[in-house]
Each structure stands twice: as C-alpha cells, then as structure tokens.
Amino acid sequence: MAEYICPHCGKPIYDDEALLCLYCGENLERGVGVLGKMKYSFNWIVVAVILAALISLVLIAAV
C-alpha cells in the first residue's frame, strides 16, 4: 500500500481512495478520473477551446 503525505498537515495517509485527510479533514487534491484531474490542473486546452467558442459567437453575431 502506497503512502501519501497530506499537503496540509504532513501526516501520512495509507488509504489509496481517500479524498480527504483523516487528521485535518482538508482535501488531498487527488484527481479522480478525467474530470477530477482537470479540476486540479490548469488546462490551457480548455481555455483555448472556450476562447475559440466565444470568438466564433462574436463573429457570427457580427455577420
């Protein structure tokens, strides 16, 4: 079983599926699945897609 250190209190967590620290209750910032990984990492691709969609809406509205 892998040991994970809580980034807030520094105590080891041995539960592989724990999302909250057992000692301080803070979020362990572990990404679960695709959406969980996107939540904890800033993704430039998502920002680029949103900007492209907004620009295309502005261009369509201007025509």
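So, how was this worked out
- Residues numbered from 1 in each chain as written.
- Predicted model: local features only at pLDDT ≥ 70, side-chain atom pairs only at ≥ 80, totals over all residues.
- Heavy atoms only, no water.
- Helix = DSSP H or I, 4+ residues; strand = E, 2+ residues; numbered from the N terminus.
- Buried < 20%, exposed > 50% of the residue type's maximum accessible area, 1.4 Å probe, protein only.
- Contact = heavy atoms within 4.5 Å.
- Areas by Shrake-Rupley, 256 points an atom, 1.4 Å probe, with all protein chains shown as cover.
- Core = buried A, V, L, I, M, F, W, Y, C linked by side-chain atoms within 4.5 Å.
- Phe/Tyr/Trp six-rings, centres within 6.5 Å; stacked < 30°, edge-to-face > 60°.
- Lys NZ or Arg CZ within 6 Å of the ring centre and 35° of its normal.
- Expected span 1.5 Å × (residues − 1).

The next thing to look at is the overall build of the chain. The helix and strand tally for the chain stands at two helices and two strands. Ordered by position from N to C terminus, the α and β elements of the chain give β-β-α-α. The buried share among the 63 residues of the chain stands at 11%. In the chain, the share of contacts with a sequence separation of at least 24, taken over all contacts with a separation of at least 6, comes to 4%. Carbon and sulfur atoms provide 68% of the accessible area of the chain, an area that totals close to 5200 Å².

What follows covers the nonpolar core. One broad trend across soluble globular proteins is that nonpolar side chains are buried collectively. By size, the foremost hydrophobic cluster in this structure holds five residues: Cys 6, Ile 13, Ala 18, Cys 21 and Leu 28. Excluding residues within four positions of it along the chain, Ala 18 makes contact with Ile 13, Leu 28 and Arg 30.

Quick look at the packing of aromatic side chains now. For the structure on display, the rule yields zero aromatic pairs. Above the plane of the ring of Tyr 23 lies Lys 11, whose end atom (NZ or CZ) is 5.0 Å from the centre.

This brings us to the environment of Cys 9. Note on placement: Cys 9 falls in the loop between strand E1 (4-5) and strand E2 (12-13). The contacts of Cys 9, once residues within four sequence positions are left out, are Cys 21, Tyr 23 and Cys 24.

Here the focus is the environment of Pro 7. Tracing the sequence through the fold places Pro 7 in the loop between E1 and E2. Here Pro 7 falls in the partly exposed class, since its relative accessible area comes to 48%. Residues Pro 7 and Cys 21, 14 residues apart in the sequence, show an inter-C-alpha distance of 9.2 Å.

For helix H2 (residues 44-62), built from 19 residues, the straight-helix expectation of 27 Å at 1.5 Å per residue is met to within 8% by its first-to-last C-alpha distance of 27 Å. For H2, a buried count of zero out of 19 residues is recorded, marking the element as mostly open to its surroundings.

As far as function goes, none of this settles anything; it's purely spatial.
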